Every structure is written in C-alpha cells, then in structure tokens.
Amino acid sequence: MSIRISRRKLLKILTGIGVVAVGASIGSLKILEFTRHEKEELTVEGELIKLPEPRKKSSLSIEEAIQSRRSRRSYTDDPVLLSDISQLCWAAQGITEAKIGFRAAPSAGALYPLEIFLVVGNSDLEAGVYYYSCGEHVLKRVKKGDYRKQLCEASLRQEWVENAALDFVITAIYSRTIAKYGERGRERYVPMEAGHVAENIYLQAESLGLGTVAIGAFYDDQVREVISAPSEHIPLYVMPIGHIRIR
Ligand SMILES: Cc1cc2nc3c(=O)[nH]c(=O)nc-3n(C[C@H](O)[C@H](O)[C@H](O)COP(=O)(O)O)c2cc1C
C-alpha cells in the first residue's frame, strides 16, 4: 500500500509512535510498516550509577581495531575503570540517535530484544551485578558482591570468566522479536543481533587496550541465577573484560 505523506507528518509519526521500516523516494513516501516499540526495561530497585559520557574519538582506527581483534583469555590484575565500562556499554547498546532511540548495534524492526548485565569484581565500581539501562546511560545495581566465581562455574569453569575484572552477560527476551517475526525471529534475528553486539564489544575493547572473548558455552539457568534475571531472559553470551596480559 502506498501513502502520500508530508515529511513533517512522517517525523511526527516516527517520533510519536515508534519504529519503523520506511521506504522513501522523493515526493512520495511508502510506509511499509509501523510498529510500536515499548521499551520493556528490567525493574530494578537498586542504586543508580550514572555513567560518564562515552567518547566518540580514539587513537585506534576502526581498521586497526578489526586487524588486531583477537579473542583474549589472559588478563592482568589491573582494575577496569568505570569510564571504560561506560564506553563498552555504549558500544554494546548505547543510544546513538536520540529522537527515535536507535542504538549502536542494528536490530530487526528496531525491536531491541537484547539486554546487558555486568558481573563486576575488580573496578572502581563496587563489586556487584548491574543492569545497563541504555535510555539514561546508567547502571542499575541488581545486587552487591563479587559473583565472578559463580559465573565461571556456570560457564563450565572457563577460568578467564573469573580472572577478568568484570564480565558482560548478553541476554535476550525473544518474545519482543517473535511477536513480529515468528520463528524467523527466534532462529535468526535474535542470535544474529547478539553477534552484532558482541562484535561491537570486541572492537571497543580492542580500542581501549582491553581484551575479551565471546563465550557461548555455559548453563543458561546458572547464568540467569547469577545475574538474578527473570526467566524470560535467555543468556546468549558471556564476555569477560580485562587488561590484556599477553599481546
Ligand atoms: C558463538 C561463539 C561461541 C564461542 N564460545 C566460546 C567459549 O565458550 N569459550 C571460549 O573460550 N571461546 C569461545 N568463542 C571464541 C572462539 O573460540 C574464537 O572466536 C575463535 O577461536 C577464533 O579466534 P579469534 O576470535 O581470536 O579470531 C566463541 C566464539 C563464538 C563466535
């Protein structure tokens, strides 16, 4: 179906209703689809930690980051600072377009099924489990304490999970995408999106002189228990973060 609509009205619809797949040509705009995207954030009562503003420049080019990226499993005991945590959260799921709320990593239908949790042990941020709220670029504390050992146990005792300063855990709420795309959402789109986010974390870590590795081998229930996530959260990746011991 083709509808003629002014740019001004389109903008109003986009910002008011939400996203969105739009095919546009000069003079006529073909609206393919609109879907309301309700942000379903985790309700966390804990303390809010405001993250520093992410930087948009670095001394390493994107080409250099791609060239040098490796999965790194050996880390020093140096803490990973809040400023670097902020940068990594932004690269993973940060809002990069404020009007509509598009994020750093692409998402089918802009439905954003992925959520980010942090299991922090060695940082200027107090040890604990945190949830990244991308809308306000803040961390919400889920619980206090160092849970890296438990996460390591849940990850088939892969020691780099415990030795890292902190671990990212990427979970998915599949229903957000399945509601629109059905099985294709489950089998393809959601896991594809985790890959996009993980690669952003890899490249951002590389740029910060930090190391990470994408871990897919773990017990889902145990990981979920460590991060105290509701049952609809399916863990897709654990990503340790630390200063690189051997380059
Ligand atoms: C889906 C997926 C699952 C992975 N799971 C693990 C894992 O459980 N543990 C681990 O140490 N590395 C894991 N890796 C990292 C791979 O071993 C690594 O990417 C591969 O050896 C290539 O090395 P590179 O990343 O340095 O290029 C995983 C990678 C992917 C893409």
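Refer to the preceding data block for the structure.
Residues numbered from 1 in each chain as written. Predicted model: local features only at pLDDT ≥ 70, side-chain atom pairs only at ≥ 80, totals over all residues.

The subject of this paragraph is the overall build of the protein. If you tally the helices and strands in the protein, you get 7 helices and 11 strands. Expressed as a percentage of the 247 residues in the protein, the buried residues total 40%. At a minimum sequence separation of 6, the contacts of the protein that also span at least 24 residues come to 72%. (Helix = DSSP H or I, 4+ residues; strand = E, 2+ residues; numbered from the N terminus. Buried ≥ 20, exposed ≤ 12 C-beta atoms within 10 Å, placed from the backbone. Contact = placed C-beta atoms within 7 Å.)

Further remarks concern the sheet that holds strand 3 (residues 48-50). Ordered in space as 3-8-7-6-9-11-10, the 7 strands form an open sheet in which the pairing is antiparallel. The strands lining the two open edges of the sheet, one partner per strand, are strand 3 and strand 10 (210-212). Each neighbouring strand pair of the sheet contributes to a mean axis angle of 30°, computed without reference to strand direction. Inspection of the sheet shows strand 6 (residues 114-120) paired to strand 9 (residues 166-172) by 7 bridges, in the antiparallel sense. What sits directly across from Phe-117, in strand 9, is Val-169. Those strands touched by helix 3 (residues 82-93) are strand 6, strand 7 (128-133), strand 9, strand 10 and strand 11 (234-243), and its axis lies near 160° from that of strand 6. (Pairing = 2+ DSSP bridges. Axes fitted to C-alpha atoms, helices over the stretch in contact; angles between N-to-C directions.)

Right, let's get into the environment of Leu-156. Position of Leu-156 relative to the elements: it lies in the loop between helix 4 (148-154) and helix 5 (159-163). Note on Leu-156: 12 C-beta atoms within 10 Å, which makes it exposed. In contact with Leu-156, other than residues within four places in its own chain, are Ala-217 and Phe-218.

A word on unusual backbone geometry. Phi at Leu-156 takes a positive value of approximately 55°, unusual for a residue other than glycine. If you check the backbone angles, Ser-228 has positive phi at about 55° while not being a glycine. Summarising the element assignment, Ser-228 is placed in the loop between helix 7 (220-227) and strand 11.

In an α-helix, one turn spans 3.6 residues; hence positions three or four apart end up facing the same way. When helix 7 is considered as a whole, its buried residues turn out to be Val-223, Arg-224, Val-226 and Ile-227. Angularly, the buried residues of helix 7 cover 160° about the axis, an arc narrow enough to put them on a single face. Looking at the buried positions of helix 7, the neighbouring elements they touch are strand 6, strand 7, strand 8 (138-144), helix 4, strand 9 and strand 11. Where helix 7 ends, the next residue or the one after it, Ser-228, has phi of about 55°, a positive value. (Arc of directions from axis to C-beta.)

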